[in-house]
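# Geometric and topological summary
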Protein chains: 2
Amino acid sequence: MENLPLPRPTDGDLSILRVLWSDGASTVREIHDKLNGGTGYTTVLKLLQIMTDKGLVTRDVSARTHIYTAALAEEQTQRQLVSDLLDKAFGGSAEKLVMQALSSKKASREELQQIRKLLDQMEEK
Amino acid sequence: MENLPLPRPTDGDLSILRVLWSDGASTVREIHDKLNGGTGYTTVLKLLQIMTDKGLVTRDVSARTHIYTAALAEEQTQRQLVSDLLDKAFGGSAEKLVMQALSSKKASREELQQIRKLLDQMEEK
DNA sequence: TATTGTCAACGAACACATTCGTACTTAAAT
DNA sequence: ATTTAAGTACGAATGTGTTCGTTGACAATA
């Protein structure tokens, strides 16, 4: 019964996961087409096979053309990656990370408002 | 005249950079001692030599015992890493990243206050 | 039926990260 | 002067990520 902690997705893994998150369960060809960039078909296939071994995706093999699905929800993976970066590069300081995130890309006024709401919720609790 | 874009530091690189950022210019031995974890002396040395080639650190070779310094300031590297993660896993949405950062680790009341100040500053401008 | 296209599987090649042992050099201690 | 300690340099081994060519199975088409 495989129930090991999932490994951190690599850059290649993430480019595939992004497609699965946005489009839902997909075939290799669909993913490959969406990834119009330089990678060949068999490269995408190989990556998906490895990701299956790692547990990052699951696949339906009942038909000849396999169908892949992301094993974890987008938010769950994002949370893991943020937590990882927090430990490795920010000494655990969420504040510093937030600062850099806000200054590295100009957030819109709506986004800032949204973040304020989140802060309110966190202080209430 | 090497002036190429610096590569993204690996996990090993970051563990060393953290020491250099907090303690300033250091020798291999000092870094190795601070990294009390399982890595051997020559491993740290090798990593530093590679990091020198990559341009992540510079070294003073005038004495027998070399002295290493981080090439980039902590904030600069952090900004790069955040921007990287933003592209690769968040579709460029700084808001989502901030949300995850705040929820993945409970921020203190002071930190939340600090973030509010930052939001104020960003809205003024 | 014969040919052509689509798919998964596999292995090989290359690059990079990580680790450490060994060799060589230089300084310090005996 | 000899030995010991501390340092750098240099491979070598291993693991992982990434890429793609080739093979074989199967389906669709001519």
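Residues numbered from 1 in each chain as written. Chains lettered and ligands numbered in written order. Predicted model: local features only at pLDDT ≥ 70, side-chain atom pairs only at ≥ 80, totals over all residues. Heavy atoms only, no water.

Time to look at the overall build of chain A. Helix and strand counts for chain A come out as six helices and two strands. Across chain A, helices and strands are ordered from the amino to the carboxyl terminus as α-α-α-β-β-α-α-α. Its C-alpha radius of gyration of 18 Å places chain A more than 25% over the 14 Å reference for a compact globule of 125 residues. Along the first, second and third principal axes, the C-alpha atoms of chain A reach 50 × 35 × 25 Å. For chain A, buried positions account for 38% of its 125 residues. In the structure as shown, chain A presents an accessible area of about 7200 Å², 50% of it carried by carbon and sulfur atoms. (Helix = DSSP H or I, 4+ residues; strand = E, 2+ residues; numbered from the N terminus. Rg over C-alpha atoms; globule rule 2.2 N^0.38 Å. Buried < 20%, exposed > 50% of the residue type's maximum accessible area, 1.4 Å probe, protein only. Areas by Shrake-Rupley, 256 points an atom, 1.4 Å probe, with all protein chains shown as cover.)

Here we take up the domain arrangement of chain A. Along its sequence, chain A is organised into domain 1 (11-70) and domain 2 (93-125). Using only C-alpha atoms to locate each centre, domain 1 of chain A and domain 2 of chain A end up separated by 33 Å. (Domains from an automatic or database assignment.)

A few words on the nonpolar core. Ranked by internal contacts, the top residues of the largest apolar core, which has 66 residues, are Leu 97 and Leu 102 of chain A together with Leu 97 of chain B. Every residue in contact with Leu 97 of chain B, bar those within four places of it in the chain, is listed here: Val 82, Leu 97 and Ala 101 of chain A together with Val 82, Leu 85, Leu 86 and Phe 90 of chain B. (Core = buried A, V, L, I, M, F, W, Y, C linked by side-chain atoms within 4.5 Å. Contact = heavy atoms within 4.5 Å.)

With 41 residues of chain A at the contact, the number on the chain B side is 42 residues. Buried surface at the junction of chain A and chain B, summed over both partners, amounts to about 4600 Å²; 63% is from carbon and sulfur atoms. Looking at the side of chain A facing chain B, the largest losses of area belong to Arg 116, Leu 119 and Glu 123 of chain A, adding up to 13% of the total buried there. Run the count over chain A and chain B and you get seven salt bridges. (Buried area = accessible area lost by both parts, 1.4 Å probe. Salt bridge = Lys/Arg side-chain N within 4 Å of Asp/Glu carboxyl O.)

A word on the protein's contact with DNA strand D. In the vicinity of DNA strand D, 21 residues are found, and the nearest of them are Thr 10 and Thr 43 of chain A together with Arg 29, Tyr 41 and Gln 49 of chain B. Backbone sugar and phosphate groups make up 60% of those atoms of DNA strand D lying within 4 Å of the protein. Within the contact set of DNA strand D, a phosphate oxygen lies 2.3 Å away from a side-chain nitrogen or oxygen of Arg 29 of chain B. Elements with a minimum of two residues in the surface near DNA strand D: helix H1 (11-23) and helix H3 (41-54) of chain A together with helix H2 (28-34) and helix H3 (41-54) of chain B. Broken down by element, the surface near DNA strand D gets its largest block of residues, five residues, from H3 of chain B. Among the residues making up the surface near DNA strand D, the classes are represented as four nonpolar, 10 polar and seven charged. (Near = heavy atom within 4 Å. Polar contact = N/O pair within 3.5 Å; in protein donor to acceptor, adjacent residues only side chain to side chain. Nonpolar A, V, L, I, M, F, W, Y, C, P; charged D, E, K, R; others polar.)

Another point: the environment of Met 51 of chain A. Residue and element names in this part refer to chain A. Structurally, the position occupied by Met 51 is in helix H3. For the pair Met 51 and Thr 77, spaced 26 residues apart in sequence, the C-alpha separation works out to 14 Å. With sequence-adjacent residues up to four places away left out, Met 51 is seen in contact with Asp 13, Ile 16, Leu 17, Leu 56 and Val 57.

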